[in-house]
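Residue-level structural notes
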Amino acid sequence: MKRALAVVVGLCVLGVLGFAIESISGDWSFTFRVLPSVGARSSVLNLKTTINGWTVTSKTTFGDTDQVASGIQFGFTEQAFGIKGAFGPFTIDAGMAFNAGVTQIRCWQCVNGTWVPTDFTVTPPDYKSAYLKTSLDFAGLNIGLAVDHFAYPYECPWPCTQTESHMIYTLTLGVSPVDLTVKFEDCCDGIMFKDVTLKMTGVGLCCGITYDMELYFTKAGFDYVKFTLTDFFTWCCGISFDLNVEFGVESKTVTLKPKFAGFAEACVTLYADIIGWNQFQFAGLVIYGYKISCSIGDCGLLEIFTILQAPEADPETCDTPSWYAPFATYGGDEYIRLKFCGPGCCGGQYTVDMYMFFDMGGSTGLFDLTLFRGTASIPIMANLTGTITWSIPLTPGAVSPTLDLGWKFTF
């Protein structure tokens, strides 16, 4: 039955695309590994056509068909279809994805404060997920409804106790300057509340100062509230400052962002948590680290991020703060990032983004360097761009360096 469904859907889409073959556009990207061994890594083919005002898309993905076995088992992994257009006053956006050839998937789940892998054996071809979104603008009010459906075990981590399907319903209401997003979910045992996000944008405070606010609640209660003040105060010579403050249940992050008109934009971010309160008095902060960044021109960036103390992971989700993700992934306690671009051939623009990671707590590498990694995108022709991705460990006994080459061809 699953094979028949996949064949029918494929034939229908191919028939639609064949009907409008002269209007097909899209892109094809491919990546292969050169070091430490040669082999294909990934390939994605995107196709798009328009029929009677409706945009039909197809996404064909090749990659690792066995996420549990070591090495890349290159093959056909996913086929997705989408359609987007207008139906009267409503905009419609829908899509569906199928497992084309993956046989084993790995999902990391938090168990008692520790990440534990859970492996699933699946049988392709198989239905994975689908979505449907619609919106309506009426008298300055934007109303949106989205429905997402996932088949077991293709949502990771699986949020339900049953092993059938999971649905998420998202209702959005927007009228300037307020946006409200409410989510409900269904684990085949009834619809229940999931979370709500309230945002206010560009609200006038005084003296030309505006602020943005974001408040987030889950069914467990309050999670965080963020405030962003634009042009918090102005100094001389075209220098002004923005202020960002985020309050969590047990945390606080303060960012003071100076802006230099007409030249560059610098940013100093302090990452800290509240130590606690003593008889209704503020007890202090523990400072985890700070980041200094300077944006120059349209795409130039110099960034230095230093960790003074690693934050603790959430014992229920095993998650660390999002700002700590580079260090959780690649290790070390400091990195220097350099990003720049320039004009390429055929009217294109090359970009280079590089990271140097350091471990100041006892690394045996030169200058405490532990890792040098980066990406580059170089235009070759007007519709062809080459890509380079590298990762070079700089400590004795580390894993071998990796080098990936690829391209993206548009048509």
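Residues numbered from 1 in each chain as written. Predicted model: local features only at pLDDT ≥ 70, side-chain atom pairs only at ≥ 80, totals over all residues. Heavy atoms only, no water.

What follows concerns the overall build of the protein. Counting its secondary structure elements, the protein contains 2 helices and 26 strands. Evaluated residue by residue, the protein yields a buried proportion of 34% over its 411 residues. Considering only contacts in the protein between residues 6 or more positions apart, those separated by 24 or more positions represent 34%. (Helix = DSSP H or I, 4+ residues; strand = E, 2+ residues; numbered from the N terminus. Buried < 20%, exposed > 50% of the residue type's maximum accessible area, 1.4 Å probe, protein only. Contact = heavy atoms within 4.5 Å.)

Positionally, asparagine 99 belongs in strand E5 (residues 90-99). The class for asparagine 99 is buried, based on a relative accessible area of 1%. Engagement of the side chain of asparagine 99 in a polar contact is seen with the side chain of tyrosine 154, the distance being 3.1 Å. In contact with asparagine 99, not counting residues within four places along its chain, are Thr77, Val122, Pro124, Pro125, Asp126, Lys128 and Tyr154. (Polar contact = N/O pair within 3.5 Å; in protein donor to acceptor, adjacent residues only side chain to side chain.)

Bringing the pairing of E5 into the picture now. Counted residue by residue, E5 has 7 buried out of 10 residues, so it is predominantly covered. Pairing geometry for strand E4 (residues 74-87) and E5, over 10 bridges, is antiparallel. Across the sheet, isoleucine 83 pairs through a bridge with alanine 94, a residue of E5. Connecting the antiparallel pair E4 and E5 is a turn made up of 2 residues, with glycine 88 showing a positive phi of about 65°. Examined bridge by bridge, E5 and strand E8 (residues 126-138) share 9 bridges and lie antiparallel to one another. Bridge assignment links phenylalanine 98 to a residue of E8, and that residue is tyrosine 127. (Pairing = 2+ DSSP bridges.)

Right, let's get into the packing of aromatic side chains. Aromatic ring pairs are described here by two measures, namely the spacing of the ring centres and the angle between the planes. Throughout the structure, instances matching the rule amount to 31 aromatic pairs. For the pair tyrosine 288 and tryptophan 323, a centre-to-centre distance of 6.1 Å together with 35° between the ring planes defines the contact as tilted. In this pair, tyrosine 288 sits in strand E20 (residues 285-296) while tryptophan 323 sits in the loop between strand E21 (300-307) and helix H2 (325-330), placing the two residues 35 residues apart along the sequence. Residue tryptophan 323 is classed as buried on the basis of its relative accessible area of 16%. (Phe/Tyr/Trp six-rings, centres within 6.5 Å; stacked < 30°, edge-to-face > 60°.)

Moving on, we get to the pattern of salt bridges. The final tally for this structure, using the stated rule, is 5 salt bridges. For aspartate 404, the salt bridge is made with arginine 33, and the minimal N-O distance between the two is 2.7 Å. Separated by 371 residues along the polypeptide, aspartate 404 in strand E26 (residues 402-410) and arginine 33 in strand E1 (residues 25-35) bring together distant segments of the chain. Per residue, the accessibility class of aspartate 404 equals that of arginine 33, and both read buried. In this structure, arginine 337 engages aspartate 353 in a salt bridge whose closest nitrogen and oxygen atoms are separated by 2.9 Å. (Salt bridge = Lys/Arg side-chain N within 4 Å of Asp/Glu carboxyl O.)

With that out of the way, let us pick up unusual backbone geometry. Excluding glycine, a negative phi dihedral is what most residues carry, and trans is how most peptide bonds are arranged. Following proline 124, the chain continues to proline 125 via a peptide bond in cis, the omega torsion being -5°. Topologically, proline 125 is positioned in the loop between strand E7 (114-121) and E8. Geometrically, the link from cysteine 156 to proline 157 is a cis peptide bond, its omega value of -5° lying close to zero. With respect to the helices and strands, the residue proline 157 is situated in the loop between strand E9 (141-151) and strand E10 (165-175). Not every positive phi belongs to a glycine, and asparagine 52 is a case in point at roughly 50°. Phi is positive for cysteine 188, close to 70°, though the residue is something other than glycine.

The next thing to look at is the state of the cysteines. Here a disulfide denotes one covalent bond, and it connects the sulfur atoms of two cysteines. Taken as a whole and judged by the stated rule, the model has 4 disulfides. The disulfide that involves cysteine 107 links it to cysteine 156, with 1.9 Å between the sulfurs. Judged by the torsion about the S-S bond (100°), the cysteine 107/cysteine 156 disulfide is right-handed. With cysteine 107 in strand E6 (residues 104-111) and cysteine 156 in the loop between E9 and E10, this residue pair connects regions lying 49 residues apart in the sequence. Residue cysteine 156 is classed as partly exposed on the basis of its relative accessible area, which comes to 46%. Cysteine 110 shares a disulfide with cysteine 318; S-S distance 2.0 Å. Handedness here is read from the sign of the S-S torsion; for cysteine 110 and cysteine 318, about 75°, the answer is right-handed. (Disulfide = S-S within 2.5 Å.)

Core analysis: the biggest nonpolar cluster contains 11 residues, these being Tyr271, Tyr288, Phe305, Ile307, Trp323, Tyr324, Phe327, Tyr335, Tyr355, Phe357 and Leu371. When contributions to this core are tallied by element, the ones reaching two or more residues are E21 and strand E23 (349-358). If sequence neighbours within four positions are ignored, tyrosine 335 has contacts with Lys291, Glu303, Ile304, Phe305, Pro326, Phe327, Tyr355, Met356, Phe357 and Phe358. (Core = buried A, V, L, I, M, F, W, Y, C linked by side-chain atoms within 4.5 Å.)

Among the secondary structure elements, leucine 136 is positioned in strand E8. Along the sequence, leucine 136 and leucine 173 sit 37 residues apart, while their C-alpha atoms lie 9.9 Å from each other. Ignoring sequence-local partners within four residues, the contact set of leucine 136 consists of Pro89, Phe90, Leu141, Asn142 and Ile143.

With that settled, consider the confidence of the model for the protein. Averaged over all residues, the pLDDT of the protein equals 84, while 86% of them reach at least 70. This stretch, residues 1-14, has a pLDDT under 50; its non-local contacts, to residues over four places away or in other chains, come to 10 contacts. (pLDDT = per-residue confidence, 0-100.)

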